[in-house]
Amino acid sequence: MIFRKLCTSISTSNHNPFFLYTKSPDPLHRFCSNPKLLFSQKNPILNPKIQSLSNLRLFGSSNSSMGDARRPPAVSIPPLETADKLEVFRAMEAALGSPFSSDPFVPNPNPLIIVISGPSGVGKDAVIKKLRESRESLHFVVTATSRAMRPGEVDGKDYFFVSKDEFLGMIDNNELLEYALVYGEYKGIPKQQIREYMAKGCDIVLRVDIQGAKTLRGILGRSAVFVFLVAESEEALVKRLIDRKTESKETLLVRIATAKEEVKHVKDFDYVVVNREGELENSVMLMKSIIDAEKARVDQRNATI
Ligand SMILES: Nc1ncnc2c1ncn2[C@@H]1O[C@H](COP(=O)(O)OP(=O)(O)OP(=O)(O)O)[C@@H](O)[C@H]1O
């Protein structure tokens, strides 16, 4: 009730269309026309920066207290319609009593760790290859593996191909963030590579199997983003694996049986991307959107290795 009275009194006493703030003897009256402002940083009583607005004069507007000899001289803002932009800019700085800052309003996003996983043959490598071509700020960690090189693969680019003994040495020296024995072969993620590229501000992409993703979730928690790649159906996945022609009949059967179980783990991930037959480009686009959205999060993930 008292508050409404205050507002009524100021709305009848203040006719200046540009400012809520006038030289009323009662400081509460100055911001009464919008009750929210009373308690916000826009309230000149609370914000000393805006208090300097009392020195502000617009061309063509009257200011009844201009004769007050105790106040510093008023700053004039030239008319926006005709004045030079820089002139207006400088006048506004002078009116506010400090230069406008060019510092970013929000800090740059943190480097992101993106874990991509999914059943064998779903298209992880295919998606990553396309992402690699389109995003320079992403670093794709080259996994170390003890498996033999497939035709077309390049050492140091697709994987670091090492012997089983070399791999065991890396485990002993604590050089791996995560490692696993997959279908009789070792695969692991070198820590040093991640540290080095995160220090350069790059986002990191890790490609792991489902078990690896589970282990990484245990290590990284919510500090990394986990994406599950899946085919649209079991049928599509089997056809894709047959087409790839990299498996024996036996390993093909094992991979298919494993994939059926692995799909159940989708709920442990942050995102799922369905890599439909013939729609690889769409999957890549969705991956990019996920990364963009993650970079725009207010509550940034903050991974340290
Ligand atoms: N959307 C798609 N449509 C059709 N074929 C695809 C699609 N995505 C990937 N492929 C093909 O499916 C096969 C398996 O893909 P890829 O090797 O990338 O799978 P992966 O998940 O990396 O498998 P693994 O875990 O066994 O290494 C490849 O021949 C690839 O070119």
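The following paragraphs examine the structure supplied in this document. (Residues numbered from 1 in each chain as written. Predicted model: local features only at pLDDT ≥ 70, side-chain atom pairs only at ≥ 80, totals over all residues.)

**Remarks on the overall build of the protein chain**
Of the regular secondary structure elements, the protein chain holds eleven helices and eleven strands. A total of 305 residues make up the protein chain; the buried ones form 22% of that total. (Helix = DSSP H or I, 4+ residues; strand = E, 2+ residues; numbered from the N terminus. Buried ≥ 20, exposed ≤ 12 C-beta atoms within 10 Å, placed from the backbone.)

**Quick word on the pairing of strand 3 (residues 113–117)**
With five of its five residues buried, strand 3 lies for the most part within the structure. Two strands pair when backbone bridges link them, and strand 3 and strand 9 (residues 203–207) are joined in this way by four bridges, in the parallel orientation. Pairing of Ile 116 across the sheet is with Arg 207, part of strand 9. Strand direction decides the pairing type here: strand 3 and strand 10 (residues 225–230), joined by four bridges, are parallel. (Pairing = 2+ DSSP bridges.)

**Describing the nonpolar core**
Judged by nonpolar contacts, the single largest core of 35 residues is most densely connected at Ile 113, Ile 114, Val 115, Leu 206, Val 227 and Leu 229. When residues of this core are traced back to their parent elements, those giving at least two are strand 3, strand 9, helix 8 (210–220), strand 10, helix 9 (234–244) and helix 11 (280–295). Element by element, the count of residues in this core is highest for strand 10, at six residues. (Core = buried A, V, L, I, M, F, W, Y, C linked by C-beta atoms within 7 Å.)

**Points about the site of the ligand**
Around the ligand lies a shell of 17 residues, among which Ser 120, Gly 123, Lys 124, Asp 125 and Ala 126 are the nearest. Elements that contribute at least two residues to the shell around the ligand include exactly helix 5 (124–134) and helix 9. Of the residues belonging to the shell around the ligand, the class tally is three nonpolar, six polar and eight charged. (Near = placed C-beta within 6 Å. Nonpolar A, V, L, I, M, F, W, Y, C, P; charged D, E, K, R; others polar.)

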